[in-house]
Amino acid sequence: LEIERLLEGLRQGESRALARALSLVESRAPEARTLLEKVFRDTIGARDTIVVGLTGPAGVGKSTLADALARKAREHGKNVAILAIDPTSPVTGGALLGDRARMDSGARDPSIFIRSMATRGHVGGLASGTFEALVLLEAAGKDFILLETVGAGQDEVEVAAAVDVTVLVLAPGLGDDIQAAKAGILEVADVLVVNKGDREGAELLFGQMSAIAGARPVRKTVALEAVGIDELLADTLRLGADRSGTASPERYRRLMEVWLGDVLAIMARERIPEDAWESALRELEEKKLTPYQAAEKLLEGKVKKESR
Ligand SMILES: Nc1nc2c(ncn2[C@@H]2O[C@H](COP(=O)(O)OP(=O)(O)OP(=O)(O)O)[C@@H](O)[C@H]2O)c(=O)[nH]1
Ligand SMILES: [Mg+2]
């Protein structure tokens with residue numbers, strides 16, 4: 001009954017229901033799956049929601065840019081959400097407090113839904129639960145979603161699979177971070193942004209990015225002052241229209257491929273009995289097995305058990 005009410009609130013686009021639903025996803029509550037299964041068919045791949053991924057090294061201005069883009073998209077009549085994926089501290093297990101506090105603070109446009117989620121050590125800059133969160137945002141009627149992730153410079157394929165348009169944000173004065181970012185995300189980015197256009201070195205970086213961008217748009221922005229945001233929004237709307245929802249079955253297939261792989265790994269782990277897991281770990285410690293052999297053993301054990 002509780003879940004029915006939540007579902008109803010979600011479909012009405014109520015922010016409180018949406019926030020509650022996302023908390024269920026984040027805490028990996030079983031109700032999250034129930035909700036997801038009820039809305040799945042009518043959301044992802046069936047609507048014209050545009051999901052824009054903002055990624056790039058720490059501190060380049062992704063959050064500031066997301067704010068500016070969100071406000072501009074509101075002016076265009078979009079129903080906007082910002083989802084920020086926080087790297088979780090391996091020590092505390094909590095999301096980075098500063099960002100979280102800022103993201104969740106009330107001092108902003110109440111018509112823009114903002115939320116941050118912890119990554120729980122999941123690779124690819126995405127939380128385990130990001131796909132689910134996007135579906136729930138769509139179910140609540142959001143049609144322009146900004147997904148902020150910290151670009152680790154590798155394994156960005158997953159970010160790209162989750163979104164319709166990938167925006168790589170860079171800024172002058174980052175030195176080696178730019179090199180790191182270049183490695184992975186540069187190939188999959190659809191739009192390149194040089195933010196902090198008011199800073200020294202912006203012009204140089206803009207030139208460098210333009211030289212390697214090929215046919216892709218390169219934009220210079222000053223996110224703090226909303227400079228260059230119109231053009232960037234136009235890029236995302238134009239590219240997004242070709243790729244989102246109903247427009248692109250191939251993208252849907254790619255997303256499902258990544259998503260299925262994720263879920264399969266999680267489910268396989270959950271189905272391994274604790275004693276089998278522990279004994280595999282022991283054998284790994286004793287170097288009797290490699291991780292590949294251990295995984296094979298665990299999966300075979302499971303299959304035998306179930307067919308008995
Ligand atoms: N000068 C200048 N500063 C900016 C601009 N955009 C953002 N900043 C500042 O840069 C700092 C980092 O901005 P954020 O938006 O938090 O950057 P971020 O990429 O989201 O950072 P993380 O989430 O920690 O990776 C803040 O102090 C911003 O005020 C800009 O266009 N020019
Ligand atoms: Mg940020």
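Here the structure is shown first, and the text comes after it.
To keep things clear, this report deals only with the structure shown in the data block. Treat the numbers as computed from the prediction; the structure is a model and nothing was measured.

Conventions we followed
- Residues numbered from 1 in each chain as written.
- Chains lettered and ligands numbered in written order.
- Predicted model: local features only at pLDDT ≥ 70, side-chain atom pairs only at ≥ 80, totals over all residues.
- Heavy atoms only, no water.
- Helix = DSSP H or I, 4+ residues; strand = E, 2+ residues; numbered from the N terminus.
- Buried < 20%, exposed > 50% of the residue type's maximum accessible area, 1.4 Å probe, protein only.
- Areas by Shrake-Rupley, 256 points an atom, 1.4 Å probe, with all protein chains shown as cover.
- Pairing = 2+ DSSP bridges.
- Axes fitted to C-alpha atoms, helices over the stretch in contact; angles between N-to-C directions.
- Contact = heavy atoms within 4.5 Å.
- Salt bridge = Lys/Arg side-chain N within 4 Å of Asp/Glu carboxyl O.
- Near = heavy atom within 4 Å.
- Polar contact = N/O pair within 3.5 Å; in protein donor to acceptor, adjacent residues only side chain to side chain.
- Nonpolar A, V, L, I, M, F, W, Y, C, P; charged D, E, K, R; others polar.
- Donors = N, O, S within 2.8 Å, 3.2 Å for Na, K, Ca; no water.
- 1 Å grid on protein atoms, 1.4 Å probe; cavity = no way out; pocket = protein on both sides within 12 Å on 5 of 7 lines; lining within 4 Å.
- Points joined across faces, edges and corners; volume = space filled by probe spheres on them.

## Focus on the overall build of the protein chain
A count of helical and extended segments in the protein chain gives 13 helices and seven strands. The burial tally for the protein chain puts 46% of its 308 residues in the buried class. Carbon together with sulfur atoms contributes 53% to the accessible area of the protein chain, which is approximately 15700 Å² in total.

## Re the sheet that holds strand β6 (residues 191-194)
Read across the open sheet, the seven strands follow the order β3-β2-β4-β1-β5-β6-β7; overall the sheet is parallel. The two strands at the open ends of the sheet, each matched to only one other strand, are β3 (113-118) and β7 (218-220). Averaged over all pairs of adjacent strands, the angle between strand axes in this sheet comes to 20°, irrespective of strand direction. Bridge analysis of strand β2 (residues 80-86) against strand β4 (residues 144-150) gives five bridges, and the strand direction is parallel. Within β4, the residue paired with L83 across the bridge is L147. Each of β1 (50-56), β2, β3, β4, β5 (165-170) and β6 is contacted by helix α4 (residues 62-75), which is oriented at about 175° to β4, the strand it contacts most. Each of β1, β2, β3 and β4 is contacted by helix α6 (residues 130-139), which is oriented at about 165° to β2, the strand it contacts most.

## Side note on the pattern of salt bridges
In a structure, side chains of opposite charge can pair up when their charged atoms sit close to one another. Throughout the structure, instances matching the rule amount to 13 salt bridges. For E283, the salt bridge goes to K297, with nearest N and O atoms at 2.9 Å. Taken as a pair, E283 in helix α12 (residues 274-285) and K297 in helix α13 (residues 291-307) lie far apart in primary sequence, 14 residues in all. With relative accessibility at 44%, the residue K297 sits in the partly exposed group. A network of salt bridges, in which partner residues are shared, links K72, E75 and D230.

## As for the environment of L24
Assignment of secondary structure puts L24 in helix α2 (residues 15-26). With 109 residues separating them along the chain, L24 and A133 place their C-alpha atoms 9.7 Å apart. Those residues in contact with L24 that sit more than four places away from it in its chain are L6, A29, E31, A32 and L35.

## Focus: the site of ligand 1
Around ligand 1 lies a shell of 17 residues, among which G61, K62, S63, T64 and D198 are the nearest. Within the backbone of G59, one N or O atom sits 3.1 Å away from an oxygen atom of ligand 1. A distance of 2.5 Å is found between an oxygen atom of ligand 1 and a side-chain nitrogen or oxygen belonging to T64. Summarising the interface, the protein chains cover 75% of the accessible area of ligand 1, which totals 650 Å² for the free molecule. In terms of residue count, α4 provides more of the shell around ligand 1 than any other element does, three residues in total. Here the residues of the shell around ligand 1 are counted per class, giving five nonpolar, five polar and seven charged.

## Some thoughts on the coordination of the magnesium ion (ligand 2)
Taken together, the protein ligands of the magnesium ion (ligand 2) are S63 (OG) and E148 (OE), with distances of 2.0 to 2.1 Å. Taken together, the residues span a long stretch of sequence, with S63 in helix α4 and E148 in strand β4 at a distance of 85 residues. By relative accessible area, which is 12% here, S63 ends up buried. Classification of E148 by relative accessible area gives buried; the value is 7%.

## Some thoughts on the layout of surface pockets
The computed volume of the largest pocket comes to approximately 800 Å³. As for the largest pocket, its lining consists of 25 residues, of which R33, E132, W259, V263 and M267 are closest to the centre. Tallying contributions element by element places helix α11 (residues 249-271) first for the lining of the largest pocket, with nine residues. Split by residue class, the lining of the largest pocket holds 14 nonpolar, three polar and eight charged.

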